[in-house]
Amino acid sequence: MPTEKRGVKALQIWCRRVTDSYENVNILDMDSSWRDGLAFCALIHHFRPSLLDYDILSQENILENNSLAYKVAEEELGIPSLLDPQDMLDTDVPDKFSIVTYVSQFYHLLKDEDNSRSPSLPVKEILNTSYDSADNSPQGTPKSVPRSVFLSSNPILRNNMFSPHNTPLSQSPKDKSQVTGVTVSAVCQDFENKISICQER
């Protein structure tokens, strides 16, 4: 089986695992199974249950379900909407490539948050984080976005709004040739520049 087909199959298996317990979601493919928008909502709800109320959604509300999922994903997870809710309503079989591209962003962002990583990919040890009642976060909710998101070759993920490269410190460097972002090398470079200014005085 070609690598591309194995990758799509692995993504589909991951999606099935994550949405397995959700009513009216049965991911048998990467096109028509996503049309009603419930699979997208279930995917979001599995990792961020506080962002939407899955139980009030209806399979018949294709436009509303897709609109909700894309809006929440973009505003709360930083995943740009690559799909159009109206297209999902107007077509019986949505574009497979578009759905795979969109869903893969969820996978890259969320795969390490529980034991749902695809079986065809190496499993990393997942650290159990305890429930923190102070911030009301469910168990397993990360305290920061994984660094791998910002090192990704995917420009959409790399330019994510949560990236340290999008912080106020990185937005206004004094010298544009310097490394931007809150990284160890950027801090060291800034420190070296300050030392050299002090030595010149």
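Summary of the structure given here. All values reported here derive from a predicted model rather than from experimental measurement. Position labels on residues start from 1 in each chain and follow its written sequence. Note on the predicted model: pLDDT of at least 70 is required for a residue's local features to be given, and 80 or more for side-chain atom pairs to be given and counted; whole-chain, interface and lining totals, by contrast, use all residues. Values shown for side chains rest on all heavy atoms present in the structure; no hydrogens or waters enter the calculation.

**Regarding the overall build of the protein**
Helix and strand counts for the protein stand at 9 helices and 0 strands. Numbering of helices and strands runs from the N terminus; a helix is a DSSP stretch of H or I covering at least four residues, while a strand is a stretch of E covering at least two. Listing every helix and strand of the protein by position from the N terminus yields α-α-α-α-α-α-α-α-α. Whether a residue is buried, partly exposed or exposed follows from its accessible area with a 1.4 Å probe, protein chains only, as a fraction of its type maximum: under 20%, in between, or over 50%, in that order. Here the protein holds 201 residues, and 36% of them are scored as buried. Residue contacts follow a heavy-atom distance rule, with two residues in contact if any of their heavy atoms lie within 4.5 Å. Restricting to contacts in the protein with at least 6 residues of sequence separation, those with at least 24 account for 51%. Carbon and sulfur atoms form 52% of the exposed surface of the protein, whose accessible area is close to 12,500 Å². Per-residue accessibility takes into account occlusion by the displayed protein chains alone, with areas from the Shrake-Rupley method and a 1.4 Å probe.

**So, the nonpolar core**
Working definition of a nonpolar core: buried Ala, Val, Leu, Ile, Met, Phe, Trp, Tyr and Cys residues. They are joined through side-chain atoms within 4.5 Å. Counting residues in hydrophobic clusters, the biggest one holds 37 residues, and the most contacted among them are W14, M30, W34, F40, V103 and F106. Listing elements by their share of this core, those giving two or more residues are α1 (3-19), α2 (38-47), α3 (62-77) and α5 (96-110).

**A few points about a positive patch on the surface**
Surface patches are drawn from residues lacking salt bridges whose relative accessible area is over 30%; two like charges belong together within 9 Å, two nonpolar side chains (Val, Leu, Ile, Met, Phe, Trp, Tyr) within 5 Å. Salt-bridge detection follows one rule: a side-chain nitrogen of Lys or Arg within 4 Å of a carboxyl oxygen of Asp or Glu. Neither His nor the chain ends is counted toward charge; the positive residues are Lys and Arg and the negative residues Asp and Glu. Just so you know, the charge point we use is NZ for Lys, CZ for Arg, CG for Asp and CD for Glu. There is a patch of like positive charges on the surface, built from K5, K9, R16 and K96. For the positive patch, the element with the most residues is α1, which contributes 3 residues. Judged by its relative accessible area of 54%, K5 is exposed.

**Details of the side chain of N65**
Among the structural elements, N65 can be located in helix α3. Sequence-distant contacts of N65, that is, excluding residues within four places in its chain, are made with D36, G37, L38, C41, L57, S58 and Q59.

**Structural notes on the pattern of salt bridges**
Here the structure, examined in full by the defined rule, presents 1 salt bridge. As a salt-bridge pair, E113 and R48 come within 2.8 Å of each other at their nearest N and O atoms. Here E113 is found in the loop between α5 and α6 (147-151), whereas its partner R48 is found in the loop between α2 and α3, with 65 residues between them in sequence.

**Things to note about the packing of aromatic side chains**
Each Phe, Tyr or Trp ring, with Trp reduced to its six-membered ring, pairs with another whose centre is within 6.5 Å; inter-plane angles below 30 degrees give stacked pairs, above 60 give edge-to-face pairs, and intermediate values give tilted ones. Scanning the model with the defined rule gives 8 aromatic pairs in all. Seen in terms of ring centroids, W14 and Y107 are 5.0 Å apart; in terms of plane orientation they differ by 85°. Their pairing is edge-to-face. With W14 in helix α1 and Y107 in helix α5, this pair connects stretches of sequence that are 93 residues apart. Given a relative accessible area of 0%, W14 falls into the buried group. Ring centres 5.5 Å apart and planes at 90° place the aromatic pair Y70 and Y102 in the edge-to-face group. Within this pair, whereas Y70 is found in helix α3, its partner Y102 is found in helix α5, the two being separated by 32 residues in sequence. For the pair Y70 and Y102, one class covers both residues: buried. Taken together, W34, F40, Y70, Y102 and F106 form an aromatic cluster joined through their ring pairs.

**Structural notes on the packing of α3 against α5**
Axis separation between α3 and α5 bottoms out at 13 Å; the angle between their running directions is 40°. Compared by their axis directions, α3 and α5 come out oblique. Viewed along their axes, α3 and α5 form a crossing whose handedness is left-handed. Contacts from A69, Y70, A73 and L77 of α3 reach α5 at Y102, F106 and L109. Side-chain classes are defined by residue name, with Ala, Val, Leu, Ile, Met, Phe, Trp, Tyr, Cys and Pro counting as nonpolar, Asp, Glu, Lys and Arg as charged, and the others, Gly among them, as polar. A class-by-class count of the residues in the contact of α3 with α5 yields 7 nonpolar, no polar and no charged. Under this scheme, a helix contributes an axis fitted over its contacting stretch, all axes are lines through C-alpha atoms, and angles between N-to-C directions fall in the 0 to 180 degree range. For classification purposes, an angle smaller than 35 degrees is called roughly parallel, one larger than 145 roughly antiparallel, one from 65 to 115 roughly perpendicular, and anything else oblique. Definitions for this section: a left-handed crossing has its near helix turned counterclockwise from the far helix by less than a right angle. A right-handed crossing has that turn clockwise.

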